[in-house]
Number of protein chains: 2
Amino acid sequence: MQVLDHTRTVPDFPRPGVSFRDLTPLLAHPDALRETIDCLAAPFRSEGITKVAGIEARGFVFGAPVAVALGAGFVPLRKPGKLPWSKESESYALEYGTDALEIHADGAVRTDRVLLIDDVLATGGTARAAIALVRRLGAVVVAAGFVLELEALGGRKKLPSDVRLEVLASVR
Amino acid sequence: MQVLDHTRTVPDFPRPGVSFRDLTPLLAHPDALRETIDCLAAPFRSEGITKVAGIEARGFVFGAPVAVALGAGFVPLRKPGKLPWSKESESYALEYGTDALEIHADGAVRTDRVLLIDDVLATGGTARAAIALVRRLGAVVVAAGFVLELEALGGRKKLPSDVRLEVLASVR
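In every chain, residue numbers begin from 1 and rise along the written sequence. Think of it this way: whatever chain is written first is A, whatever ligand is written first is 1, and the rest follow in order. Per-residue local features of the predicted model are confined to residues with pLDDT of at least 70, and side-chain atom pairs are confined, for both listing and counting, to 80 or more; whole-chain, interface and lining totals are unaffected and use all residues. Each side-chain value is derived from all of the structure's non-hydrogen atoms; neither hydrogens nor water enter the calculation.

Q: So what exactly am I meant to see when it comes to the sheet that holds strand β8 (residues 140–150) of chain A here?
A: All names here are of chain A. Strands qualify as paired when DSSP identifies two bridges or more between them. For helices the rule is a DSSP run of H or I covering at least 4 residues; for strands it is a run of E covering at least 2, with both sets numbered from the N terminus onward. Strand order in the open sheet formed by five strands is β4-β3-β7-β8-β9, and the pairing between neighbours is parallel. Each having just a single partner strand, β4 (73–77) and β9 (164–171) make up the two edges of the open sheet. Taken pair by pair, the neighbouring strands of this sheet meet at an average axis angle of 20 degrees, ignoring direction. Packed on one face of the sheet, helix α3 (residues 58–70) meets β3 (51–55), β4, β7 (113–121) and β8 and runs near 140 degrees to β7. Orientation is described by lines fitted to C-alpha atoms, with helices fitted over the stretch in contact, and by angles between N-to-C directions that extend from 0 to 180 degrees. By definition, residues are in contact when any of their heavy atoms lie within 4.5 Å.

Structural data, given as structure tokens:
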């Protein structure tokens, strides 16, 4: 899967000096989209995944089709205030300030084997918070899968060593 | 597909007096999720759909798997400021104030046949803006599909009469 062939680099987004890797051309391309979902799901077909957790909002786009492909359920990890029911919250540091992710209290249970999906692995702060959140409900986080890894940001080192990491493509 | 069997009604969310229809139990249930995606896609298998447009954020969860199921591309309709590249914007009225949706300028082209997907049809304001946005790029909006319709809010009447409407379940 040639992810980078379908990636658009947008300079100075979301702020000056940052080059944003835009995956919307990949989404718009039927074969690239289907192949991306197949490649994200493929390593986990024999892993007994019961839930795919997707991080709002781009992680929903990739995570939900992977859940369908694996015959698993989908659990959204959302920005604060979006989930209506009883929930758990996990904060994480941003470059300036903090943000948080939330999960419904019944979003995962002790018998669940969870695959975390997001579009891009950057600093790893969001993914680390997501893993902590799922674990707090007692579920096992088997692996984390990303379409694209931004190697220079070192996110890989932030993830727990017992969570398997799969990325479809990397840029420095 | 018994959508309502997998829907949780949460009182007083997002504000007092509103009963929120929470579809996360449906998402978490592997068979219900798969069947929901199948049912959303089924009416359009012979309609030559080239793009599925999903409305941020819950529309991403249903729209992306429907795109994969139909062999179409996926285009995200996002809240203001989230899309990095050249884009179009459409405002719509809320109960208090206004909001807007954005689409990348290359998110749809004149030859596209688009299926709009969102989780819930409520007042119809967001869906109407979404249809206007896709049409502004010259594409044909074939239909709009929703998991759940809240009939009492009358959203159905807000949608253009030449856009086919499909809903999997309705509540008054």
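Q: Could you clarify how one ought to interpret the pairing of strand β7 (residues 113–121) of chain B in this entry?
A: Taken residue by residue, a regular strand's side chains alternate between the two faces of the sheet. All names here are of chain B. Burial status follows relative accessibility: with a 1.4 Å probe on protein chains alone, a residue under 20% of its type maximum counts as buried, one over 50% as exposed, and anything between as partly exposed. The buried fraction of β7 is high, at eight of nine residues. Alignment of strand β3 (residues 51–55) against β7, held across four bridges, turns out to be parallel. Within the sheet, the bridge partner assigned to V52 lies in β7 and is L115. In terms of strand pairing, β7 meets strand β8 (residues 140–150) through eight bridges, oriented parallel. Looking across to β8, one finds that L121 is bridged to E149. For crossovers, right-handed means that the path from the first strand over the helix to the second runs clockwise, given strands pointing away from the viewer. Once the chain exits β7 it traverses helix α4 (residues 125–136) before rejoining the sheet at β8, and the crossover so formed is right-handed.

Q: Explain the packing of helix α2 (residues 30–41) of chain B against helix α3 (residues 58–70) of chain B to me, please; I cannot follow it from the model alone.
A: Between two packed helices, what matters for the description is the angle formed by their axes and the separation of those axes. Residues and elements named next belong to chain B. Two elements in contact, α2 and α3, have axes whose closest approach is 9 Å; the angle formed by their N-to-C orientations is 65 degrees. As α2 packs across α3, the resulting crossing turns out to be right-handed. On α3, the residues that touch T36, I37, L40 and A41 of α2 are F62, P65, V66, A69 and L70. Note that Gly is not counted as nonpolar here; it falls among the polar residues with everything else outside the nonpolar set of Ala, Val, Leu, Ile, Met, Phe, Trp, Tyr, Cys and Pro and the charged set of Asp, Glu, Lys and Arg. Of the residues assigned to the contact of α2 with α3, the class counts are eight nonpolar, one polar and no charged. Left-handed describes a crossing in which the near helix is turned anticlockwise from the far one by less than a right angle; the clockwise case is right-handed.

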